[in-house]
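If you want the building blocks of each chain, they are given just below.
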Amino acid sequence: MTNSIPWSQIDTVLFDMDGTLLDLHYDNHFWQEYIPLVWGEREGVSLDEAKAILHPKFVQHYGSLQWYCTDFWSEQLDLDVIALKADINHLINIRPAVEEFLLWLKQQGKAIWLTTNAHGNVLDLKMAETGLAKWFDHLLTSHQFGHAKEKQAFWHAMQEQFPFDPSRTIFFDDSIPVLRSAQDYGIAHVVQMLHPDSKRKPNTPNFELAIHDFDELMP
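Residues numbered from 1 in each chain as written. Predicted model: local features only at pLDDT ≥ 70, side-chain atom pairs only at ≥ 80, totals over all residues. Heavy atoms only, no water.

S.K.: Where do I start with unusual backbone geometry in this structure?
M.R.: It is generally the case that most residues other than glycine have a negative phi and that most peptide bonds are trans. In the Ramachandran plot, aspartate 78 falls in the positive-phi region, its phi being about 55° despite a non-glycine side chain. Mapping aspartate 78 onto the fold places it in the loop between helix H3 (70–77) and helix H4 (81–87). For aspartate 78, a relative accessible area of 60% gives the class exposed. Not every positive phi belongs to a glycine, and alanine 97 is a case in point at roughly 65°. Mapped onto the elements, alanine 97 comes out in the loop between H4 and helix H5 (98–107). Relative accessible area serves as the criterion here: at 17%, alanine 97 is assigned to the buried category. (Helix = DSSP H or I, 4+ residues; strand = E, 2+ residues; numbered from the N terminus. Buried < 20%, exposed > 50% of the residue type's maximum accessible area, 1.4 Å probe, protein only.)

S.K.: Could you clarify how one ought to interpret the packing of helix H7 (residues 152–161) against helix H8 (residues 176–185) in this entry?
M.R.: Each pair of packed helices can be described by the angle between their axes along with the distance between the axes. As a packed pair, H7 and H8 sit with axes 9 Å apart at the nearest point and diverge in direction by 55°. As the angle between them shows, H7 and H8 are arranged oblique. When you trace H7 past H8, the crossing you get is right-handed. Between H7 and H8, the contacting residues are Gln152, Trp155, His156 and Gln159 on the first element and Val178, Ser181, Ala182, Asp184 and Tyr185 on the second. Residue classes in the contact of H7 with H8 are distributed as 4 nonpolar, 4 polar and 1 charged. (Axes fitted to C-alpha atoms, helices over the stretch in contact; angles between N-to-C directions. Parallel < 35°, antiparallel > 145°, perpendicular 65-115°, else oblique. Left-handed = near helix turned anticlockwise from the far one by under 90°. Contact = heavy atoms within 4.5 Å. Nonpolar A, V, L, I, M, F, W, Y, C, P; charged D, E, K, R; others polar.)

S.K.: Would you mind showing me how to read the nonpolar core here?
M.R.: Counting 52 residues, the largest nonpolar core has Trp7, Phe15, Phe172 and Phe214 as its most contacted members. For this core, the element with the most residues is helix H1 (residues 25–43), which contributes 7 residues. Setting aside anything within four residues of it in sequence, one finds phenylalanine 214 in contact with Phe15, Thr20, Leu21, Arg95, Pro96, Ala97, Val98, Phe101, Phe172 and Met193. Counting residues in hydrophobic clusters, the runner-up holds 18 residues, among them Phe154, Ala157, Met158 and Val190. (Core = buried A, V, L, I, M, F, W, Y, C linked by side-chain atoms within 4.5 Å.)

S.K.: Help me out: how do you make sense of the sheet that holds strand E5 (residues 189–193) in this one?
M.R.: Read across the open sheet, the 6 strands follow the order E3-E2-E1-E4-E5-E6; overall the sheet is parallel. Bordering the open sheet on either side are strand E3 (138–141) and strand E6 (210–211), each of which pairs with just one other strand. Strand direction decides the pairing type here: strand E2 (residues 111–116) and E3, joined by 4 bridges, are parallel. When the bridges of E3 are listed, tryptophan 113 appears paired with histidine 138. Together, strand E4 (169–173) and E5 form the strand contacts of H8, whose direction differs from that of E5 by roughly 175°. (Pairing = 2+ DSSP bridges.)

S.K.: Even after reading the chapter, I still don't get the pairing of strand E1 (residues 12–15), so can you show me in this structure?
M.R.: Each regular strand carries side chains that alternate between the two faces of the sheet. The two faces of E1 match: Thr12 and Leu14 on one face and Val13 and Phe15 on the other face are all buried. One ladder, built from 4 bridges, connects E1 with E2; its direction is parallel. Bridge pairing in E2 places threonine 12 opposite alanine 111. The sheet contact formed by E1 and E4 spans 4 bridges and is parallel. What sits directly across from threonine 12, in E4, is threonine 169.

Without other data, these values stay purely geometric and don't point to any function.
So, in structure tokens, the structure goes:
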């Protein structure tokens, strides 16, 4: 795999956050278990009933900027979503070999950017918990551009404010729609993260470059 990536032709390395740098188990547990539990207790319904009620509400907004917005869900559910996220921040974990890989990229002189769909307050929470911010030249969230990464408008807006050469860029993400969007924009190299949630089975590769963990890329 290391030999498949032409590092001499890459200047900028873009990383997703959840499921790429951080274990997606935290987010999956939060939305699929913890939020239904808290909401169901307030509404006086069982966990299974709460899941059945909330799931269609979530599905309706998948892939949109609203889906990733804690302010939106705080209003929709009448809950303090960011405070609830902090309740279980012990589940926020860095994925294997992340910092070793970031150090190696720094040593190669690459520009390292974080590009996440997470809301700014979630980004702040996770950077405070993990200490990963020190590795990045830019910490960018789709909310500051007004479009989710699934949309071409995100890439155009990011390019306008933070110019980069897509033909000399590599992008790591676990989301197939996001990776396809990046490809469509012209990013030369996209890498699918196959094991975003440590508590679940790995995903099937959908791209030529696909890895389970970053140690596969270490020289």
